[in-house]
Structures are given as structure tokens and as C-alpha cells.
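Listed below, chain by chain, are the residues.
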2 protein chains.
Amino acid sequence: MTDRFETTIHDIARKLNISASTVSRALNNNPIISEATRQKIRQTAEEMGYRPNTLAASFRTKRTNTIGVIVPLINRHFFSSVISGIEEVAYKSGFTVTISQSNDQFEKEAKIAHTLFTNRVDGIIISIAMETRQFDHLKLFSAKNIPLVFFDRVVDEIDAHKIVADDFGGAYFVTKHLIEQGAKQIAHIGGPLNLKIYENRQAGYVKALEDAGIKLNHSMIINNTLRREEGTEAIQTLLKDNNTIDAVFCANDTTALSSIIYLKSIGKKIPEDILVMGFSNEPFSEVVTPSISTVQQPGFLMGQKAASLLIEQITNKSENHEFLTIVMPTDLIIRESSVRK
Amino acid sequence: MTDRFETTIHDIARKLNISASTVSRALNNNPIISEATRQKIRQTAEEMGYRPNTLAASFRTKRTNTIGVIVPLINRHFFSSVISGIEEVAYKSGFTVTISQSNDQFEKEAKIAHTLFTNRVDGIIISIAMETRQFDHLKLFSAKNIPLVFFDRVVDEIDAHKIVADDFGGAYFVTKHLIEQGAKQIAHIGGPLNLKIYENRQAGYVKALEDAGIKLNHSMIINNTLRREEGTEAIQTLLKDNNTIDAVFCANDTTALSSIIYLKSIGKKIPEDILVMGFSNEPFSEVVTPSISTVQQPGFLMGQKAASLLIEQITNKSENHEFLTIVMPTDLIIRESSVRK
DNA sequence: AACATATTCGCAATCGATTGCATTTATAAT
DNA sequence: ATTATAAATGCAATCGATTGCGAATATGTT
């Protein structure tokens, strides 16, 4: 038994002997409607089980009250924190959030972007895929004046608000910490340099070495896509090329983990023989043995900030063309893997 | 410079001196339109940069081609696997997926459900929140004949397709394995019993004990919401009440982890002194020390199955009222924490 | 009481695509 | 050539809410 019948504002209007316009305005809390009629309308709407037809409204107003979020993987702690931050702010402002993951693939990202676009989201928040090096699918939005906010993995050549963590600073302090622990030969397993975040982490590493008067050795830097297996390969290569390494700074925790596992497997002790640090503070980092020192990014805050900037743009479609790049502070989390005993 | 102008099917029609109906049909590959005109229309649509107005179409057809997914937390490995499975199937069939998380809160879940409902999703896939004990927000969908598929945490009193993992079997084999390892006093840290999955896991545990002729000791079962801190409390209580425990089966990996951490902290050795097993195979379980034996659920497959059942219902809005409950097999993953040395 | 002003409310067009039915055009059969 | 049939296209209503503008009503002022 299904009642397929949907009551519309016209039904309410008819019942109350008023016009649909008034019903519409009352339901939208338009102050032009008197309190008395508003009450009456609200009540009978309730009684009649009225549910606004969002589609009709969106169609008419060209606003969907929806914001699209594209992340590489919802499964990463950092990204899901950001998403929670976004949701919090968005829901509070009456926006619906639709989340999609690119799986770090360009194709998928482009397809999602097109879908969101034709579905007329009011704005999007995105952290681009590792593979993405070309941005026509995002320029779509700028072209149609649809607000877009980048976070974490941002794109230089597109003008938009950008929320990033202080990757440079985080990496700088990681490296500085390792140096303070007595490390002299610090290797770096970095990410793909087309992504600014990895470029910055690497730059922070380089700068810290420089400030400490340690000469940079390019054979101690390996860049890959920071997956588990690649971390294992990287640490092997590093050791082969340079077996005096006494510390490794990995651009993410996954790589730090696989390095640790490999190092343990060949009999090296962490942190006694080699110090290891990661980046991003994945949940496992706290609980593995040894626990992994890392850098905490304020994901939730970044998400909140991204959402509020986006919503600000959506609501005041003002001419305010000053795009901000907000750098959020990171925290060094010192655990067992980096403290010399 | 933004071009706010959107070309519609009417623009195309005018340019080609045909009717909008024909354009609409051609663009939808309606076979009633001749190949020649279809080609012509497609081409000028392309040239004019036509983008269909999904909102208008959805409004008219009352189909949004969107399916809503509600999970407790996108951050859990199991759930994100399911989501990936859903996405795969959905995208292939031209559906958009919108994901939301309830954070295991009833309020949030209800709010999301209402939002999805008024946004006229074509169907929803849900695993309910721990807190959820009342289902009016879901009955909404049945009432309006909107297909709904449950997975993992299903609801008995609502008729719908249900995809679950073999929790009973998984738990049974966990317990059997522990018994085979020589355990005699096997404790259980279970989840809230309003959720069928935890009831089933507990039932599997009980049955395995029974089959092995081991008498059930109710003081060796503790139910909570399986969070980290609660695991710690639970294992403390268990030990206090019964310090001859030689194995613990935890209904999730988080609790298994915190048990292990606590046990290690008081000088117990895992697995030598106490065997520990979890459930769900979180990523950390493989990498902690000792690595945690657990049960692997086929998340991706469950997601695929859920999505295809849902889409089937959406497209053939047939009368096929036989609702399936599909039980997917689980795999025992034996690691260090449960193998007596 | 008459007029000015402010409050409320209704009319009717509109958004863009879809679709049942009618109409025109092409093809086949006699 | 004529009629019957099939194929291709057009007409026009429709979905439900929004909103600019004008009309009606209420309130205030002298």
C-alpha cells in the first residue's frame, strides 16, 4: 500500500483558500507574510504531510543547495576528517554534501567533476588526484562561475580559495627534530612532485638540512607515489646506495610503516639504528611497534574552513575576487620511532 | 568573464528548424528518431556546448538517477570498501552516489534520511547507526515505494533486500580456532545486542563453545559499543572477574587492539598468555605487534551486490516482492595474536 | 472622514525537459 | 494511382515552486 500522492503548495493553498504564492512565501519564512497566516499555513502543511519538492525549487531557482566534495580516497584518516569538517559546516547552513572519491585517478576525477557539474552543484571542494596534471574539468566550474575551493592538494593555475596544511613547516620540524636526535644522514621518501604538498614537504626537509649546515645528498631522496610496496622498494634502494643512513623522513605514514617493517625484517632496530618519521598521522601510526612519529594536519578544521569559504562564495556571489590561500599549522607528534634511546 | 548563458533543447531545435521534442528524443537515443536527424542533432548540440539540465529532467520525470548511501562512518575500512563496491556498480549504470555518515548517531541518521528523501533519491542503501532503535525515518521510503537495501547492520522489521556477512559463521570459526589452539576459558567482548550483527557474532561464539562441550560462563561476556576505551575497560573487568581467561574474542578489531595494548601493559604476553582475536580486518590489524587474527568480510562484493539489487528494484519497479537476505561468506585470517607458540 | 503609507497577499509567467497523442511523411501493398 | 501501414516528427500540456509586479487590505495621520 503506497500513497504515491504528493501534496503540493497548491493543495495547501486550495484548502486554505489562499494563493500558492503565499504558501510558498510562508514556508520560506518570507517576512512579507504575516505571522498569523504563516502559522496557519505551516500547520496545515504539517497536517497534510507536505514535503517540499526540492527538485522543483532547485529547477526554478537554479540552486541545489548541494556542495560536491571530491577526494582521492575517503578511506584515509586525513580526508575523512576533512569531510567531517565540511559536513558539519554545510549541514549547519542547510547544504547537502555529496562525497565522491577519485581513487587518485584522473579519469574518475574528471568524470565525477562532470557529473557534479551537470547535476548543478552550487560549489565544489576538491583535493586533486595524484594523476591529475590537467585541469579542464575544473575550469568548467570557474567558467560558469561556480565557486570552487581547493584543499590539501591544490592547483596553482586556477584562481580559487585554497586551504593547505603547513607542509613546509611540518617537514622542516620533522627534519630538525631528526637532526636534534643526532641524525646526520637523513634520507627522504617523497611523493610525486607535481603535487605541491610533496614539493613543500621536500622543500622543508631541504631547508632544515641547509639551516643545520648538512649538505644535501640527492641520492638520499626518492620520489614515488607513496604506496606500501613502493616504500619497501624505496628503503631498499636507499640502503643499497647509501648504507650509512641513520634516519628516514617519509612523506606519508604508509611509507614510514613499510620502511619500518622492512628495516625490522633485515634486523635493523628502530629507533636505535635508524630513526623513522612519517606524515599525516594515520590511526595505525599510534599503535604499531614502534609507534611512528609523524605530523598531524588539522583535517577537521581545514574542512570547516573550506566549507565556510565556499558557502560564503555561494551565498554572497559578490565580486570579492581576492582568493585566499590559508595555511593551517601542523603539529609534530613525537613517538617511539624517532627518539634515540 | 563568465558565460551565464545555457543552451537548451529549444535553442537547438530553433537552429535546426525542428521541434524540441525531437531534440529531446534524439538526445535520449529514442529509436523513434531517424538516425540521420539524430546525428545532426547530436552534432549541433555538441557545437552549441549543450549541457542537459538534469534538474529539469529530474523534475519532470521524478527520477534523479541518484542513490543515497548512509553509513555509520566512512572512515572504517569495511564501510569504505562497501562504498567502493556500490560506486562501481552505480556508475556503470549511470547512477550518481551520494554518501553520508551518521556518526553512529540516530539524530544524524534521521536527518540524513529526510534530506535524501526530500532530495528525491531513487533509492537508498544503508547500514544503520548503533544508536538507531526506531525506524520511522526509514519507513518513509517504504511508504513512498522508494527502494531501500540494507547491508551489514540490517533492520528486521522492515521488508527489504538485505546483504549481510556471515557473522555467525565467522564468529563460530573464530571460537573454534581458539579452542583448537587449546583455549578453554574464552571471553567475549561483544557489541550492542540491538544490532543483529553483534547478536549473530555472539551466537556463533556460544554455539562453538557448546559444540565443543565447553560450558558457557556469562561472566565472560561483556557487551559495549566497542570503542577503544571501552575495550580497555572490558578486558580489565573480565580479568578481574575471571583471571583464568586464556583467550578473548572481540567483536571488532578496535576492541581487540585495545585489549592487546592493555594486556601488554600489565605484562601479559600475546599470544603466549592470552590469545586475542578481532573482527572486520581493519588495516591496522595486520601491522600491529602482534598482528591481530580477525575475520575478513567481503565489503566490496557486498557493496556491489547491494547496489545491483537496488538498481534492479529502481529500474524494474516490478511487483517482485520477494525480498532477499543474502549472506556473504567471511574469511578467517589467522595472524600472530591467536596462534599458540 | 479622507488621504497617505505600510502590510499583506494574489496573478501569472517562468524555469527546461518529457511525453501522450495527433499529424505528417515515407514505404509498401493492391 | 490509391489505399493501408509504418516511420518520423510536432503540439502542447505538464511537473511544483518561485517571484516581479500590481492589487487589496490594514494602519496611521490630520
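Quick caveat, the model's predicted, so the values are computed rather than measured.

Conventions used here
Residues numbered from 1 in each chain as written. Chains lettered and ligands numbered in written order. Predicted model: local features only at pLDDT ≥ 70, side-chain atom pairs only at ≥ 80, totals over all residues. Helix = DSSP H or I, 4+ residues; strand = E, 2+ residues; numbered from the N terminus. Rg over C-alpha atoms; globule rule 2.2 N^0.38 Å. Contact = placed C-beta atoms within 7 Å. Nonpolar A, V, L, I, M, F, W, Y, C, P; charged D, E, K, R; others polar. Near = placed C-beta within 6 Å. Least-squares fit on C-alpha atoms with pLDDT ≥ 70 in both. Domains from an automatic or database assignment. Buried ≥ 20, exposed ≤ 12 C-beta atoms within 10 Å, placed from the backbone. Core = buried A, V, L, I, M, F, W, Y, C linked by C-beta atoms within 7 Å. Pairing = 2+ DSSP bridges. Axes fitted to C-alpha atoms, helices over the stretch in contact; angles between N-to-C directions.

1. So, the overall build of chain A
Check the secondary structure of chain A and you find 13 helices and 12 strands. A globule of 341 residues ought to have a C-alpha radius of gyration of about 20 Å, yet chain A, at 26 Å, is considerably larger. Considered along the principal axes of its C-alpha atoms, chain A spans approximately 85 × 40 × 35 Å. At a minimum sequence separation of 6, the contacts of chain A that also span at least 24 residues come to 72%.

2. Here's the deal with the interface of chain B and chain A
Taken together, the contact pairs 30 residues of chain B with 30 residues of chain A. Ranked by the residues each element gives to the side of chain B that touches chain A, the list is headed by helix H4 (residues 54–61) of chain B, at five residues. Its residues assigned to classes, the side of chain B that touches chain A shows 13 nonpolar, 13 polar and four charged.

3. Considerations on the protein's contact with DNA strand D
The full set close to DNA strand D counts 28 residues, and Thr8(A), Ser21(A), Ile18(B), Ser21(B) and Thr22(B) are the nearest of them. Of all elements in the fold, only helix H1 (9–16), helix H2 (20–27) and helix H4 (54–61) of chain A together with helix H2 (20–27) and H4 of chain B reach the threshold of two or more residues within the surface near DNA strand D. Tallied by class, the residues present in the surface near DNA strand D amount to 12 nonpolar, 12 polar and four charged.

4. Details of the protein's contact with DNA strand C
Near DNA strand C there are 28 residues, and of these Ile18(A), Ser21(A), Thr22(A), Thr8(B) and Ser21(B) occur at the shortest range. Listing elements by their share of the surface near DNA strand C, those giving two or more residues are H2 and H4 of chain A together with helix H1 (9–16), H2 and H4 of chain B. For the surface near DNA strand C, the per-class residue count stands at 12 nonpolar, 12 polar and four charged.

5. Some remarks on the relation of the copies chain B and chain A
With an RMSD of 0.2 Å, the operation that places chain B on chain A is a rotation of 180° combined with a shift of 0.1 Å along the axis. On the angle and the small slide along the axis, the relation comes out as a two-fold axis. Same-surface contact between copies: 100% of interface residues of chain B are shared with the interface of chain A.

6. Some words on the domain arrangement of chain A
Entries for chain A in the domain assignment read domain 1 (9–52), domain 2 (65–165 + 299–329) and domain 3 (167–296 + 332–338). Spacing between the C-alpha centres of domain 1 of chain A and domain 2 of chain A amounts to 36 Å.

7. What to know about unusual backbone geometry
Along the chain, Thr289(A) connects to Pro290(A) via a cis peptide bond; the corresponding omega equals -5°. Its place among the elements puts Pro290(A) in the loop between helix H12 (283–287) and strand S10 (294–296). For Asn145(A), which is not glycine, the phi dihedral falls at a positive 65°. Assignment of secondary structure puts Asn145(A) in the loop between helix H7 (136–143) and strand S4 (148–151). Overall, the presence of 12 C-beta atoms within 10 Å leaves Asn145(A) in the exposed class. Of note, the phi angle at Arg120(B) is positive, near 60°, even though the residue is not glycine. With respect to the helices, strands and loops of the structure, Arg120(B) is situated in the loop between helix H6 (106–118) and strand S3 (123–126). Assessed through the 20 C-beta atoms surrounding it within 10 Å, Arg120(B) is described here as buried.

8. Details of the nonpolar core
Soluble globular proteins tend to bury their nonpolar side chains together. In terms of nonpolar packing, the biggest core is built from 169 residues, with Ile125(A) and Ile125(B) touching the most fellow members. Contacts of Ile125(B), omitting those with residues within four sequence positions, involve Ile67(B), Val69(B), Ile86(B), Val149(B), Phe151(B), Ala306(B), Ala307(B) and Leu310(B).

9. What about the sheet that holds S3(B)?
Residues and elements named next belong to chain B. If you trace the six strands from one edge of the open sheet to the other, you get S2-S1-S3-S4-S5-S11, paired in parallel fashion. Looking at the sheet topology across the chains shown, the edges are occupied by strand S2 (96–101) and strand S11 (325–328). For this sheet the average axis-to-axis angle between neighbouring strands, irrespective of direction, equals 15°. In the sheet, strand S5 (residues 161–165) pairs with S11 via four bridges, with the strands oriented parallel. Opposite valine 164, over in S11, you have valine 327 as the bridge partner. Contacts from helix H5 (residues 77–92) reach strand S1 (66–71), S2, S3 and strand S4 (148–151), with the element oriented near 175° to S1.

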